[in-house]
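Survey of secondary and tertiary structure
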Amino acid sequence: MVKDQEFLETKALYCLGLAKKLGATDSSVIVKNSISETVNFRNKKLDESNRSDDLGLSITTYIGKKKSSISSSNLLNDNLNILIEKCIETTKNTPEDEFNSLPDRDLFAKEVKDLNLYDETHIENNQKIDYLKRLEAAASNDKKIVNTESSFTQNKSNFILANSKGFCDGYKTSSFTASSVTVAKDEKSMERDYEYSSKCFLKDLDDADELGNLAANQTIRKLSPKKIGSEKIAIIFDKRIAKGVLSTFASAISSSAISRGTSFLKDKVNQKIFSDKISVFDKPDMLRGLGSRNFDSEGVKTDTLKLVDQGILKHYLIDTYNGKKLNLKSNGRCGGTSNLYFENGNISFKDLLNSNSKSLYITETIGHGSNIVTGDYSVGATGFLIENGEFKYPINEITIAGNFKDMFQNITLANDLEFKYATNSPTMLIEGMVVAGK
Amino acid sequence: MSNFFEKSDVSRKEAESIISDTLQKCDDGELYLENSKSESILLDDNKIKNSSYNSDLGFGFRAISDEVVAYSHSNEVSKNSLKQSSENLKSTLKSVKGTYNHEIPKSNNKYYDNINPIEQKSLNEKIKILNDVNDYLRSKGDKVKQVTANFLGEQKSVEIIRSGGETLSDVRPLVRFNVSVMVEKDGRKETGVYGVGGRQSYDSYLKDENWKSVCDEALRIASVNLESKPAPAGEMKVVLGPGWPAILIHEAVGHGLEGDFNRKKTSAFHNLMGQKVASEGVTIIDDGTIDNRRGSLTIDDEGTPTEKTVLIENGILKNFMQDRLNARLMKTRSTGSGRRENYRHIVLPRMRNTMMLSGKQTQEEMIKAVDKGIFAVSFGGGQVDITSGKFVFNCTEAYEIVNGKIGSPIKGATLIGDGPSILKEVSMVGNDMMMDPGIGTCGKAGQGVPVGVAQPSILINKMTVGGTKL
């Protein structure tokens, strides 16, 4: 069982009290306990079981405008005494920063709604094993599949965030995650792909057979890939890749990148950065949402934000420190976005495939090729050649490149949005990118 | 050294008896204890943005029967918690009938000193250097718009207790100093990053104002990129500079030669042992025994002393990198490559310092041999798909080569290639092998571990460059 609210709160208040006694003018603390139980299967047999019980605490102390922080997994009071003393000592020796402070009192979350983020159900290891047996049986049905690795994890967490301005709150969350990675082989090639499902509630999790079948089919269709020539071509990003474009957008509008001047979206608020059919939402209060939260990591209330309205950038993602620097109020995005998504487009997936006589459908990218300072983008890619709306053959060992400033203006979205991750996008078409191949 | 049982309600003797009892009839397993202290001090945007300290203590208890691994970890070193973990392991491995393997080779070699780098330099001294870095770089002209610099220091004490009470321990220092600078000219912004580090005190890397040379290098890269033009797209010849570009070796062949992927036959290399996988003259080793290097270890995280493992010798595939589990199942021995990020994670076979050894040619000869291609000097990160063998890495400093001469700098681009065939495309190996500056972290299965790389300049006949210029 995860530690209860009372235990976490007692530790948190102990730290705040001690920090104050030792001379802190302000302090904030987060105490978190997380218990995960995982079972892994490989080729239809038990491969690994893993239980982790993590308890940790981090405290930030302020002396006027000086600040420092410590974190530890050892919560014995003896150890906390030594660490907090050390933290205060370090704070005294750290130069002042005029923007350091806790959030303004009126911004703290006041009511904590039940967002349905905790499922009490406990799934025993033998039930996980039953699920994985069904999953792996489905995944290895086709004899082209030569290796399967699957995993089932249950996670239960609880936390308390407290600070010297009187904020003290936290809640339990749960997640159930199943995944399957399969390897397929033919005379010419060996390929790997995967499928995955993660939910707050056990009963919402995808069916085992369905997950196994999807993983296997997605892998088999990649066999015997070809390499194509270098050209300018329309790219269609599968949903699992399209969400990455949205994540890059989120990093580029984080108030830290903006205040440091290291983002290609600096000074773009109220300007058109996407094509005019594009709107982006960040909605923290979705029931059972994978990114849902009642407040951010500083305790500031989080409201739904329409970040992009018909192509126009409306907000940055603002925390207290960078907000003060930019002369803007925190909008509760310390720690990033919650449930971030593109609003659906107005054409079907099928019409999107048909919108060019030839395009590339990308199912996987590799490499860290997004530069948020310049907007330059260049990654390795795997996918399929699409001709006249049909999947022709698999493609690999190519790169795709462009610049986000241009890419954002050339996005068309399908109407197939679903909430599978915390960040989600419909299938995405981008015209005019460059493919490098042969 | 840490005494893990000093403040605990469980004595060493009691712990040993829980371990021996749990691992009875298992094929392998151990209790791994870890106590780490780390610090991070960051200067950014003209200010000390962050000074933080972390102290982490915990254990990971592992039992292995045949192919099945049971693992349980906790950050409470107590009788209750050890017993709970023991129960978890026993419930996973219901009917064990193995023979515990007691064999762990011994060595008296040590590759770094038992120091705590965090305590060896005062906070004020560190803050002073960071402020000096900021002033120094900003004095280099108006084009410098942003400076970030940080110290990362760590001391990690580990202890491995095996069935029967055999105990192995190690204390591992690790430091890193990084500088990142952003420059702007005519509305165009570019960044340059450089860093140094290893398993010694900060002063070993920064004495005599050596931090200035780290700043100069970061600024040089950023300034070169200000003048860069769009990179070409398509297949061409590529000359790689010495040192850090060896992350090509790490991604292209290193991961594919890790024991787990080969036991499971999911690596593109699994059926190539003894075969020619690289051009003649290409020799690649993975070495955990170089003094004070970031990827070096006195013992690995299973207690096995590290070694210098020959992976590819003169083009022929010779060895995989092994931990104890994969070695046993593949009927070979551990190469001291069993590593984990920390006690929260299971052991996997990992790289240490992966190096391609020097050949005879000069970099000049290589450039001369290229009509149209690129010369890549510095890289960001890389990634590989083990199964298809395709790998990428991102250039952060590169130039075009036209008719045997180095031309204009080109924008950052991703290069993509095929692991099992790329080393056969190496047509020249330079005489200028160099280690990287000590900044690499390798990610696998969600676990990051410090690693090193090294190589001489090399000429690759054909690679796909992911630029935008057709």
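Residues numbered from 1 in each chain as written. Chains lettered and ligands numbered in written order. Predicted model: local features only at pLDDT ≥ 70, side-chain atom pairs only at ≥ 80, totals over all residues.

Concerning the overall build of chain B
Helix and strand counts for chain B stand at ten helices and 22 strands. For chain B, whose C-alpha radius of gyration is 24 Å, the value lies close to the compact-globule estimate of 23 Å for 470 residues. When its C-alpha atoms are laid out on the principal axes, chain B stretches across 70 × 55 × 35 Å. Split into buried and exposed, the 470 residues of chain B put 60% on the buried side. Long-range pairs, those at least 24 residues apart, make up 76% of the contacts in chain B with a sequence separation of at least 6. (Helix = DSSP H or I, 4+ residues; strand = E, 2+ residues; numbered from the N terminus. Rg over C-alpha atoms; globule rule 2.2 N^0.38 Å. Buried ≥ 20, exposed ≤ 12 C-beta atoms within 10 Å, placed from the backbone. Contact = placed C-beta atoms within 7 Å.)

Structural notes on the overall build of chain A
The helix and strand tally for chain A stands at nine helices and 18 strands. Its C-alpha atoms give chain A principal-axis dimensions of roughly 70 × 55 × 35 Å. Residues classed as buried in chain A amount to 52% of the 438 residues present. Restricting the contact set of chain A to residue pairs at least 6 apart, pairs at least 24 apart contribute 73%.

Things to note about the packing of helix H3 (residues 125–139) of chain A against helix H4 (residues 208–220) of chain A
Residues and elements named next belong to chain A. Axis separation between H3 and H4 bottoms out at 7 Å; the angle between their running directions is 35°. Along this stretch, H3 crosses H4, giving a crossing that reads as right-handed. Side by side, H3 and H4 meet where Tyr131, Arg134, Leu135, Glu136, Ala138 and Ala139 of the first sit next to Ala208, Asp209, Leu211, Gly212, Asn213, Ala215 and Ala216 of the second. Class assignment of the residues belonging to the contact of H3 with H4 gives a composition of eight nonpolar, two polar and three charged. (Axes fitted to C-alpha atoms, helices over the stretch in contact; angles between N-to-C directions. Left-handed = near helix turned anticlockwise from the far one by under 90°. Nonpolar A, V, L, I, M, F, W, Y, C, P; charged D, E, K, R; others polar.)

A closer look at the environment of Asp238(A)
All names here are of chain A. With respect to the secondary-structure elements, aspartate 238 resides in the loop between strand S8 (231–237) and helix H5 (239–252). Residue classification places aspartate 238 among the partly exposed residues on the basis of 18 C-beta atoms within 10 Å. Contact partners of aspartate 238, with chain neighbours within four places excluded, come to Tyr361, Ile362, Thr363 and Thr427.

A word on the domain arrangement of chain B
All names here are of chain B. The domains assigned to chain B are domain 1 (123–155 + 171–226) and domain 2 (233–466). On a C-alpha basis, the centroid separation for the pair domain 1 and domain 2 is 26 Å. Facing the eleven residues of domain 1 at the interface are twelve residues of domain 2. Broken down by secondary-structure element, the contributors of at least two residues to the side of domain 1 that touches domain 2 are strand S5 (167–185), strand S6 (188–198) and helix H5 (211–226). With four residues, S6 is the single largest residue contributor to the side of domain 1 that touches domain 2. (Domains from an automatic or database assignment.)

Overview of the sheet that holds strand S10 (residues 305–309) of chain A
Residue and element names in this part refer to chain A. Taken together, the five strands give an open sheet; going across it, the order is S11-S10-S9-S12-S17, and neighbouring strands pair in mixed fashion. Only two strands of the sheet have a single neighbouring strand rather than two, namely strand S11 (312–313) and strand S17 (423–424). By the bridge criterion, three bridges tie strand S9 (residues 280–282) to S10 in an arrangement that is antiparallel. Counterpart to aspartate 282 in the pairing with S10 is leucine 305. (Pairing = 2+ DSSP bridges.)

Remarks on the interface of chain B and chain A
Each partner contributes residues to the interface: chain B has 63 residues there, and chain A has 57 residues. Looking at the side of chain B that touches chain A, the element that brings in the most residues is strand S2 (residues 47–65) of chain B, giving ten residues. The residue makeup of the side of chain B that touches chain A, split by class, is 18 nonpolar, 29 polar and 16 charged. Relative to strand S3 (residues 68–74) of chain B, strand S2 (residues 45–63) of chain A runs parallel, the two sharing six bridges.

Things to note about H5(B)
Under the 1.5 Å per step criterion, the end-to-end length of H5(B) is 23 Å for 16 residues, consistent within 8% with the ideal 22 Å. Listed in full, the buried residues belonging to H5(B) are Trp211(B), Val214(B), Cys215(B), Ala218(B), Leu219(B), Ile221(B), Ala222(B), Val224(B) and Asn225(B). (Expected span 1.5 Å × (residues − 1).)

Thoughts on the packing of helix H3 (residues 123–138) of chain B against H5(B)
All names here are of chain B. Interaxial distance between H3 and H5 falls to 10 Å at its minimum, and their mutual angle equals 45°. Regarding the angle of H3 to H5, the classification is oblique. The handedness of the crossing between H3 and H5 is right-handed. On H5, the residues touching Ile129, Val133, Tyr136 and Leu137 of H3 are Trp211, Lys212, Cys215 and Leu219. Along the lines of polarity and charge, the residues of the contact of H3 with H5 split into seven nonpolar, no polar and one charged. (Parallel < 35°, antiparallel > 145°, perpendicular 65-115°, else oblique.)

A word on the environment of Leu82(B)
All names here are of chain B. Among the secondary structure elements, leucine 82 is positioned in helix H2 (residues 79–92). Note on leucine 82: 23 C-beta atoms within 10 Å, which makes it buried. The sequence separation of leucine 82 and lysine 49 amounts to 33 residues, and the corresponding C-alpha distance is 39 Å. The residues touching leucine 82, leaving out its near neighbours within four places in the chain, are Val10, Ala15 and Ile18.

Describing the pairing of S10(A)
All names here are of chain A. Bridge count for S10 against S11 is two bridges, and the pairing is antiparallel. When the bridges of S11 are listed, aspartate 309 appears paired with isoleucine 312. Following S10, the chain reverses through two residues before pairing antiparallel with S11; glutamine 310 in that reversal takes a positive phi of roughly 45°.

Topic: the pairing of strand S4 (residues 145–163) of chain A
All names here are of chain A. Taking burial as the measure, the 19 residues of S4 include 16 buried ones, the bulk of the element. Sheet topology note: the strand S1 (residues 26–42)/S4 ladder contains 15 bridges and is antiparallel. When the sheet's bridge partners are listed, serine 36 is paired in S4 with asparagine 155. Summarising the sheet, S4 and strand S6 (residues 172–185) pair through 13 bridges and their orientation is antiparallel. Along S6, the bridge assignment pairs phenylalanine 152 with alanine 178. In this structure, S4 lies alongside strand S5 (residues 168–169), joined through two bridges in antiparallel fashion.

Details of the nonpolar core
Ranked by internal contacts, the top residues of the largest apolar core, which has 145 residues, are Ile236(A) and Ile374(B). Ignoring sequence-local partners within four residues, the contact set of Ile374(B) consists of Met236(B), Val238(B), Ala398(B), Tyr399(B), Glu400(B), Ile401(B), Ile410(B) and Val465(B). In terms of nonpolar packing, the next biggest core, distinct from the first, is built from 32 residues, Leu82(B), Leu168(B), Tyr343(B) and Val347(B) among them. (Core = buried A, V, L, I, M, F, W, Y, C linked by C-beta atoms within 7 Å.)

Here's the deal with unusual backbone geometry
Residue and element names in this part refer to chain B. Of note in the backbone geometry, asparagine 46 takes a positive phi value of approximately 70° without being a glycine. Tracing the backbone through its elements, the reader meets asparagine 46 in the loop between strand S1 (28–44) and S2. The exposure class assigned to asparagine 46 is partly exposed, which follows from the 13 C-beta atoms found within 10 Å.

Examining the domain arrangement of chain A
Accessible area lost upon the coming together of the parts serves often as the stated size of an interface. All names here are of chain A. In terms of domain boundaries, chain A breaks down into domain 1 (5–220) and domain 2 (225–438). Each of domain 1 and domain 2 was reduced to a C-alpha centroid, and the two centroids are 25 Å apart. Counting residues at the interface gives 21 residues for domain 1 and 17 residues for domain 2. Taken together, the residues of the side of domain 1 that touches domain 2 sort by class into 13 nonpolar, six polar and two charged.

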